[in-house]
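Descriptive analysis of the structure
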Amino acid sequence: MELRWLESFVVVAEELHFARASDRLHLAPSALSAQIRALESHLGVRLIDRGRRTRPALTSAGQLFLDEARLTLAQVARAEAVGRRAGRGELGHAQIAYVASAAFSGVLTDVLTRCAAPGTHLTVQVRELETPAQLEALACGDIDVGFLRWRPEYPPDVTATCLLTEKVVLALPADAPLAAYEAIPAAKLRDEQFVAPHFDEEYGCRDQILEVAEQGGFSPRCAPPVRDFIAALTLVGGGLAVALVPDSLRRVQIPGVAYRSLADVPLTTRLVGAYRRGETSPAVRAVIRRLREAAAATVTAG
């Protein structure tokens, strides 16, 4: 059964006049009659009585079939609209992962807000995941977009866009003598123990701790690594260590933790959005576009 047969039948049923139906469909009357006959032959039943001196009329079978034909055409139109919207990335599903510190940067929520803009019906699922696990999940397709800390290298099929560059600050126990400083010189950290997330030992935090120690003229003492920055701040609040953290983590109000700038070591850290090169899913491409928009807005605001 061809859709054009259904369309022609519905128009004829509405007009009950082949000439007017032909005009609406932009078909020759003979072509329209041929389509109706083809439909009736396919179904094995007469749908329209064609009186020579009277107007065409629906048979009882035609009346029953009309409702179903209209429903079918409406569903086809809906399916077509869904397909077109999905092709434009207005519908679909995407999996997003983020490191804990990204939740406090404002960029993640900005991207999610953009994905929920009027006229867009993207289903976005989010979950917290450490940076190395995100890169593996991106490479194998378990997630579509990752919010993570910058890395010098990514898997071959993964690329990244810088979303935010922020300064690094020192998190320290609020009752420590160093908390009296507005900005802390590196040399004052000689006797402190540093804690960092374990996935940042190779990149980022480890190098930053070494840079602070070099500026201060000492060899750093490091506590066993922890799962993430939130765990590091928990140790800081307990008076067990200090930590170098992104400035956005000032929003995390853990009891016993104070935040201070570094006086003589200008450190920065970058939050990036990572995704697969050559992504084929329109929905995921739409999320990536919004990620890039958020990155551009951050640069403009800065």
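On a predicted model such as this, the values are computed, not experimentally measured, just so you know.

Some points on the overall build of the chain
Counting its regular elements, the chain contains 9 helices and 12 strands. For a compact globule of 302 residues, the expected C-alpha radius of gyration is about 19 Å, and the chain comes in at 32 Å, more than 25% above that figure. If you line up the chain on its principal axes, its C-alpha atoms span 105 × 35 × 30 Å. Here the chain, with 302 residues, has 43% of them falling under the buried criterion.

Examining a nonpolar patch on the surface
Nonpolar side chains collect at one region of the surface, where Met1, Leu43 and Val45 lie side by side and expose about 230 Å² of accessible area between them. Along the chain, Met1 falls in the segment before α1 (3–15).

Points about helix α2 (residues 18–25)
Within the span of α2, buried status applies to Phe18, Ala21 and Ser22. Down the axis of α2, the buried set is contained in an arc of 105°. They therefore lie on one face. Each element contacted by the buried residues of α2 is listed here: α1 and α3 (29–43). In the stretch just after α2, His26 is the one whose phi turns positive, near 55°.

Examining the packing of aromatic side chains
Both the distance between ring centres and the angle between the ring planes are used here to describe each pair of aromatic rings. Following the criterion strictly, the structure yields 1 aromatic pair and no others. A cation over a ring is seen here: Arg270 above Trp150, with NZ or CZ 4.4 Å from the ring centre.

Some thoughts on helix α5 (residues 107–115)
For α5, every residue scored as buried is listed here: Val107, Leu108, Val111 and Cys115. Around the axis of α5, the buried residues are gathered within 105° of arc, so they sit on the same side.

Calculation notes
- Residues numbered from 1 in each chain as written.
- Predicted model: local features only at pLDDT ≥ 70, side-chain atom pairs only at ≥ 80, totals over all residues.
- Heavy atoms only, no water.
- Helix = DSSP H or I, 4+ residues; strand = E, 2+ residues; numbered from the N terminus.
- Rg over C-alpha atoms; globule rule 2.2 N^0.38 Å.
- Buried < 20%, exposed > 50% of the residue type's maximum accessible area, 1.4 Å probe, protein only.
- Patch = residues over 30% accessible without salt bridge, like charges linked within 9 Å, V, L, I, M, F, W, Y side chains within 5 Å.
- Areas by Shrake-Rupley, 256 points an atom, 1.4 Å probe, with all protein chains shown as cover.
- Salt bridge = Lys/Arg side-chain N within 4 Å of Asp/Glu carboxyl O.
- Arc of directions from axis to C-beta.
- Contact = heavy atoms within 4.5 Å.
- Phe/Tyr/Trp six-rings, centres within 6.5 Å; stacked < 30°, edge-to-face > 60°.
- Lys NZ or Arg CZ within 6 Å of the ring centre and 35° of its normal.

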